[in-house]
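A look at the structure
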Amino acid sequence: MFRTRLISGIVLVAIALAVILSGGAVLAATLLVISLIGMNELYRALNVEDQKISPLALVCYLGCVIYYLLVFLNLSAYTMTVTLAILILVMTVYVFTYPRYCTDQVTGAFFGFLYVAVMLSCIYELRALEHGVWLVWLIFLASWGSDTCAYCVGMLIGRHKMTPKLSPKKSVEGGIGGVAGAALLGGIYARVIAGRLGAEPMQLVLSFAVICAVGALISMVGDLAASAIKRNHDIKDYGRLIPGHGGILDRFDSVIFVAPVIYYLAQAFV
């Protein structure tokens, strides 16, 4: 299992490197596909749809496509309009198909659109900024980097359980190690690229360390939130797409939460 997980992780990093460096249409299309798959995994977990695409899910899938198209065309000013339109259409389906869906399915459908599609789109938004090709990696340092550091520290010295009823394997020591590790990775990364951004090295090191530390805290919330949903619906993994990891949401649960936070922090601090 560890070998499979390691190989899959290496492949994911390689794909992420190629796609993010390409940017533009390649990145937008990749994030769109990831979002649609992630939404489908969540909808199956929340019983919004089963083997067939439900009208509720279809509205949100179409909304996801339109949302990414607007972001790609640099028309982000209209994304709020699309989001409100999706909510209205979801409620319209609810009304005219009543009593096919219950309230939990309706709220779950709209939640999936916000939780997966909208939040993941911040990766593209950050990449599109000036120097975004360098800043976007903070998302992955704060999520995947902190996750790796937390795992290593937890395995070595983890004693106190963080959330025993939700995720018994996560420890307080691991959480602290994840935050500290992310801050360290952010600082090292800042030192390496400071010249390319034309920034004062120590100031950039401090900014990146703080951004990654905050991102790591949010990353833990994202990871635990995804676990809570799985436990509420009695499933082990969201899918089987990624060998050793599960589904898209199993691998991107922390990235989903971190992306919008890093997007705004990077603009504020950098």
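Before reading on, note that the structure itself is shown above.
A brief structural summary.

Basis of the calculations
Residues numbered from 1 in each chain as written. Predicted model: local features only at pLDDT ≥ 70, side-chain atom pairs only at ≥ 80, totals over all residues. Heavy atoms only, no water. Pairing = 2+ DSSP bridges. Helix = DSSP H or I, 4+ residues; strand = E, 2+ residues; numbered from the N terminus. Phe/Tyr/Trp six-rings, centres within 6.5 Å; stacked < 30°, edge-to-face > 60°. Buried < 20%, exposed > 50% of the residue type's maximum accessible area, 1.4 Å probe, protein only. Axes fitted to C-alpha atoms, helices over the stretch in contact; angles between N-to-C directions. Parallel < 35°, antiparallel > 145°, perpendicular 65-115°, else oblique. Left-handed = near helix turned anticlockwise from the far one by under 90°. Nonpolar A, V, L, I, M, F, W, Y, C, P; charged D, E, K, R; others polar. Disulfide = S-S within 2.5 Å. Expected span 1.5 Å × (residues − 1). Arc of directions from axis to C-beta. Salt bridge = Lys/Arg side-chain N within 4 Å of Asp/Glu carboxyl O. Core = buried A, V, L, I, M, F, W, Y, C linked by side-chain atoms within 4.5 Å.

1. Considering the pairing of strand S2 (residues 167–171)
Alignment of strand S1 (residues 161–163) against S2, held across two bridges, turns out to be antiparallel. Note that in S2 the partner of Thr 163 across the bridge is Ser 167. The hairpin turn running from S1 into S2, its antiparallel successor, is three residues long.

2. Re the packing of aromatic side chains
In this structure the tally under the stated criterion is 12 aromatic pairs. Here the aromatic rings of Tyr 67 and Phe 113 are separated by 5.9 Å at their centres, their planes lie at 85°, and the arrangement is edge-to-face. With a gap of 46 residues between them, Tyr 67 in helix H3 (residues 55–72) and Phe 113 in helix H5 (residues 103–127) connect regions that are remote in the sequence. On the basis of relative accessibility, which here comes to 7%, the residue Tyr 67 falls in the buried class. Between Phe 140 and Trp 144, the ring centres sit 5.1 Å apart and the planes meet at 55°, which makes this aromatic pair tilted. Of the two residues, Phe 140 and Trp 144 both sit in helix H7 (residues 137–157), four residues apart, roughly one turn of that helix. Here Phe 140 matches Trp 144 in class, with each residue buried. Among the aromatic side chains, those forming a connected cluster through ring pairs are Trp 137, Phe 140, Trp 144 and Phe 252.

3. Some points on the packing of helix H9 (residues 201–232) against helix H10 (residues 248–269)
As a packed pair, H9 and H10 sit with axes 7 Å apart at the nearest point and diverge in direction by 150°. By the angle between their axes, H9 is roughly antiparallel relative to H10. Considering only the axes of H9 and H10, their crossing is right-handed. Of the residues in the contact of H9 with H10, the class split is 14 nonpolar, five polar and four charged.

4. Some words on the environment of Val 90
Following the sequence through the fold, Val 90 ends up in helix H4 (residues 79–96). For Val 90, a relative accessible area of 1% translates into the label buried. The spatial distance from the C-alpha of Val 90 to the C-alpha of Phe 110 is 7.2 Å, given a sequence separation of 20 residues.

5. Details of the state of the cysteines
The tally for this structure, following the rule as stated, stands at zero disulfides. Cys 64 supplies the cysteine sulfur nearest to Cys 122, a cysteine that is in no disulfide, at a spacing of 13 Å.

6. Section: H4
The α-helix advances 3.6 residues per turn, and as a result positions three or four apart in sequence lie on the same side. Between its first and last C-alpha atoms H4 spans 26 Å; for 18 residues at 1.5 Å apiece the expected length is 26 Å, and the two agree. Along H4, the positions that sit buried rather than exposed are Thr 79, Val 82, Thr 83, Ile 86, Val 90, Val 93 and Tyr 94. The arc enclosing the buried residues of H4, seen along the axis, measures out at 120°, which places them on a common side. Opposite the buried face of H4, by more than 90 degrees, sit the exposed residues Met 80, Thr 81, Ile 88, Val 95 and Phe 96.

7. Observations regarding the pattern of salt bridges
Considering all chains together, one arrives at four salt bridges under this definition. Close ionic contact of Lys 170 with Asp 223 constitutes a salt bridge, the shortest N to O distance being 2.9 Å. Highlighted residues: Lys 170 in strand S2 and Asp 223 in helix H9, separated in sequence by 53 residues. For Lys 170, a relative accessible area of 26% translates into the label partly exposed.

8. Considerations on the nonpolar core
Residues Met 39, Tyr 43, Phe 113, Ile 123, Ile 139 and Phe 208 are the most contacted members of the largest nonpolar core, which totals 84 residues. Ranked by residue count, the leading element in this core is H5, at 13 residues.

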